[in-house]
Amino acid sequence: MDGKKRTPIIIDTDPGVDDTLAILLAITSPELEILAYIVSFGNTDVHAAYDNIYKLYQAIGRHIALHPEDAARFPNFSPTVPPLLAVGPEGPLEGGRHFAQYFHGRDGLSNISERHPDLNVDIGRLSFCHNFQPVKESGVEVALRLLESRPDRSITYVVLGPMTNLAQLMREHRQTVVDKIGRVIAMAGALDVPGNTSSVAEFNVFADPYAAKELLVPTDLASGLPLDRVVLAPLDITSSHELPFPHYAQKVDSAFKSTAQPSNADGKSPLVHFTSSVFESMREIMLEWGKDALELHDIVAIWCAIENPPEINPVGGLPGMSTGWAVAERSFDIERTGEITRGMFVVDRREDNTAYAPGANRAEVQAQLDLRQLGHGLLESTALPARVEIEDPGLEQKQQKGVACLVETPGPSVLLRLLTRRVWGIQ
């Protein structure tokens, strides 16, 4: 990167559709140095997710073989020191496993393994030794080794799936993490908007609410992550960042339609064939929900890592952010066992000045405010119920520091241009 310092990152991921696109962005970003992929359960089972790393790298390799002039566009594809590839947790800290195969498919990539067998990988036959290094160490052991081998507070740990591996790492080696971690960026949670797995829960937290609570709002205030180095990217900010499928068809693959007209490798680059094959089923699912676009949840987390290295000093006890980015401190608890609220970020709206008013749906309120060009507040209830004293003070949540939640990025259009340019080479 012309002598500029790169940010070393560990990517903790459950490669489904948006994870894979996020990893593609990381591979094409010279600002980053990918140290490891720790593959977790989540969007699908851990072994299918693990295979998806191979499928992605195979597609990039085929593209570069046909278009060697594009090799420079993928600075992290064949690095001097290949990233480690480790198998992470197969399930949550407690409770049963929940997958998102209803959305990402059995293989995690919209079932391309069945629909496009040409994209499958014979792992035993092909070598990826110049691209990544599979290891037998656990995800915890890999993360620990990397943290100990690098200067203090230099590594960014990016969580794109359930937070299980990071919670296990904290349980076993908390002091090392506190001393060594530079920054944690996690795509997790929903505060003032509905969930995407249930009415109240975002999937990554729903999949392991025990891990999320231990890390972000622990019962013991002396445990948990060092919150001055943690940035959450919740659905509140990620959902507005999209890859519109008409844009993709116009700019990248004019033949892109749906599974009714599946991608044909002839006449297009191997990478475009791969992404179109992954997107075609996802497009049908999103259209059922009234949206012809892919929401870029995990891509926002990687973008945040690109633009906000650990070297930026904290401000007011919160992580420092680059120009165009902003975080707000939010206080909440996390429901672990609720019958219908598992994974919910429970915001105490009696005291949180950054929360929308009781009963308000942030997305609907903001749409109405924008429609009428009104400032915040006129369309919202400001009513607060009187507090009822309780006999057991232990039922009240202990005062603790809030979590820095991303509330501003340079904008969805900026990310869309960046993604289109870096991943597909389209200006």
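See the structure printed just above.
The model shown is predicted, which means the values in this text are computed figures rather than measured ones. (Residues numbered from 1 in each chain as written. Predicted model: local features only at pLDDT ≥ 70, side-chain atom pairs only at ≥ 80, totals over all residues. Heavy atoms only, no water.)

### What about the packing of aromatic side chains?
Step number 1: Within this structure, the stated rule accounts for 15 aromatic pairs.
Step number 2: With a centroid separation of 5.1 Å and 80 degrees between ring planes, the pair formed by tyrosine 248 and phenylalanine 279 is classed as edge-to-face. Of this pair, tyrosine 248 sits in helix H10 (residues 245-251) while phenylalanine 279 sits in helix H11 (residues 270-288), and the two are 31 residues apart along the sequence.
Step number 3: Relative accessible area serves as the criterion here: at 0%, tyrosine 248 is assigned to the buried category.
Step number 4: Of the residues examined, phenylalanine 279 reaches a relative accessible area of 2% and is grouped as buried.
Step number 5: When the ring of tryptophan 303 is compared with that of tryptophan 325, the centres are 4.8 Å apart and the planes differ by 65 degrees; the resulting orientation is edge-to-face. Taken together, the residues tryptophan 303 in helix H12 (residues 297-307) and tryptophan 325 in the loop between H12 and strand E10 (326-330) connect sequence positions 22 residues apart.
Step number 6: An aromatic cluster is built from Tyr37, Tyr50, Tyr54, Tyr57, Phe77, Phe128 and Phe132, whose rings are joined through pairwise contacts.
Step number 7: Between the NZ or CZ atom of arginine 342 and the centre of the ring of phenylalanine 206, over which it lies, the distance is 5.3 Å. (Phe/Tyr/Trp six-rings, centres within 6.5 Å; stacked < 30°, edge-to-face > 60°. Helix = DSSP H or I, 4+ residues; strand = E, 2+ residues; numbered from the N terminus. Buried < 20%, exposed > 50% of the residue type's maximum accessible area, 1.4 Å probe, protein only. Lys NZ or Arg CZ within 6 Å of the ring centre and 35° of its normal.)

### So, the packing of helix H6 (residues 164-180) against helix H8 (residues 209-216)
Step number 1: Where H6 meets H8, the axes come as close as 8 Å, and the angle between the chain directions of the two elements is 50 degrees. Judged by the angle between their axes, H6 and H8 are oblique. The crossing of H6 and H8 is left-handed. Touching Thr164, Leu166, Ala167, Met170 and Arg171 of H6 are Ala211, Glu214 and Leu215, all from H8.
Step number 2: Classifying every residue of the contact of H6 with H8 gives five nonpolar, one polar and two charged. (Axes fitted to C-alpha atoms, helices over the stretch in contact; angles between N-to-C directions. Parallel < 35°, antiparallel > 145°, perpendicular 65-115°, else oblique. Left-handed = near helix turned anticlockwise from the far one by under 90°. Contact = heavy atoms within 4.5 Å. Nonpolar A, V, L, I, M, F, W, Y, C, P; charged D, E, K, R; others polar.)

### Some thoughts on unusual backbone geometry
Step number 1: The phi dihedral of arginine 153 is positive, around 55 degrees, even though this residue is not glycine.
Step number 2: Secondary-structure assignment places arginine 153 in the loop between helix H5 (139-149) and strand E5 (155-159).
Step number 3: Overall, the relative accessible area of 42% leaves arginine 153 in the partly exposed class.

### Digging into H11
In an α-helix, one full turn covers 3.6 residues, which means residues spaced three or four apart are oriented alike.
Step number 1: For H11, built from 19 residues, the straight-helix expectation of 27 Å at 1.5 Å per residue is met to within 8% by its first-to-last C-alpha distance of 28 Å.
Step number 2: At glutamate 280, H11 shows its maximal kink, close to 30 degrees.
Step number 3: Burial runs high along H11: 16 of the 19 residues are buried.
Step number 4: One or two residues past the end of H11 sits glycine 290, with phi positive at roughly 85 degrees. (Expected span 1.5 Å × (residues − 1). Bend = angle between axes of the 7 residues up to and from the residue.)

### Observations regarding helix H2 (residues 46-66)
Step number 1: Spanning 21 residues, H2 covers 31 Å between terminal C-alpha atoms, matching the ideal 30 Å at 1.5 Å per step.
Step number 2: Taken across its 21 residues, H2 has 15 buried, putting it largely inside the fold.
Step number 3: Capping of H2 at its N-terminal end is provided by aspartate 45; its side-chain oxygen lies 3.0 Å from the backbone amide nitrogen of histidine 47. (Polar contact = N/O pair within 3.5 Å; in protein donor to acceptor, adjacent residues only side chain to side chain.)

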